Amino acid sequence: MADDPLGVKALITGKMTLAEFGRSMGSTGQTVNHWIARGIPGSRVFRAADILEMKPEDMRRYTAEALKPPADVEREYKAFSATFRQLESEQQATIIQRLQRILNR
């Protein structure tokens, strides 16, 4: 549906009116219309999931993230690698330490 590209409107109206949803979210009708066209913002997913009685992870397809093309991991890695090689060795060591801390969590 062109006016509901992600199915947000259908999702909401299957459970309540758009006005009820907007009030529950503390948002205006205009904001809800933006979400229908562009997806529910990530910062509001948990609240929306609670109101719509869904699991937050099931809301991803109704977010703006769902409209983004998949990442080109190889291209991003090559860009990072090229930048990384130009850094001074101390900067490289700091980045490696931080990445190791993240991976060991």
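Quantities reported herein were computed from a predicted structural model and do not represent experimental measurements.

### So, the side chain of D4
Here is step 1 of the chain: Within the element layout of this structure, D4 appears in the segment before α1 (8-13).
Here is step 2 of the chain: For D4, which is buried and forms no salt bridge, the nearest opposite charge comes from K9, at a distance of 6.9 Å.
Here is step 3 of the chain: There is a polar contact of 2.9 Å between the side chain of D4 and the backbone nitrogen of V8.
Here is step 4 of the chain: Setting aside chain neighbours within four positions, we find D4 in contact with K9, A10 and I36.

### Details of the packing of aromatic side chains
Here is step 1 of the chain: A full pass over the atoms with the stated rule returns two aromatic pairs.
Here is step 2 of the chain: Where F21 meets W35, the ring centres are 6.3 Å apart and the plane angle is 75 degrees; that geometry is what we call edge-to-face. Pair noted here: F21 is in helix α2 (residues 18-25) and W35 is in helix α3 (residues 29-38), with a separation of 14 residues, a long-range link.
Here is step 3 of the chain: For W35, a relative accessible area of 7% corresponds to the buried category.

### What to know about the side chain of Q92
Here is step 1 of the chain: Here Q92 is to be found in helix α6 (residues 89-103).
Here is step 2 of the chain: A polar atom in the side chain of Q92 sits 3.5 Å from the backbone oxygen of L87.
Here is step 3 of the chain: Apart from the residues within four sequence positions on either side, Q92 is in contact with F84, R85 and L87.

### Some points on a nonpolar patch on the surface
Here is step 1 of the chain: A contiguous nonpolar patch, built from Y77, F80, L99 and I102 and spanning about 430 Å² of accessible area, is present on the exposed surface.
Here is step 2 of the chain: At the level of secondary structure, the elements contributing two or more residues to the nonpolar patch comprise α5 (73-85) and α6.
Here is step 3 of the chain: Following the sequence through the fold, F80 ends up in helix α5.
Here is step 4 of the chain: Taking relative accessible area as the criterion, F80 reaches 44% and is therefore assigned partly exposed.

Reading the values: the criteria
Residues numbered from 1 in each chain as written. Predicted model: local features only at pLDDT ≥ 70, side-chain atom pairs only at ≥ 80, totals over all residues. Heavy atoms only, no water. Helix = DSSP H or I, 4+ residues; strand = E, 2+ residues; numbered from the N terminus. Buried < 20%, exposed > 50% of the residue type's maximum accessible area, 1.4 Å probe, protein only. Lys, Arg positive; Asp, Glu negative; His and termini not counted. Salt bridge = Lys/Arg side-chain N within 4 Å of Asp/Glu carboxyl O. Polar contact = N/O pair within 3.5 Å; in protein donor to acceptor, adjacent residues only side chain to side chain. Contact = heavy atoms within 4.5 Å. Phe/Tyr/Trp six-rings, centres within 6.5 Å; stacked < 30°, edge-to-face > 60°. Patch = residues over 30% accessible without salt bridge, like charges linked within 9 Å, V, L, I, M, F, W, Y side chains within 5 Å. Areas by Shrake-Rupley, 256 points an atom, 1.4 Å probe, with all protein chains shown as cover.

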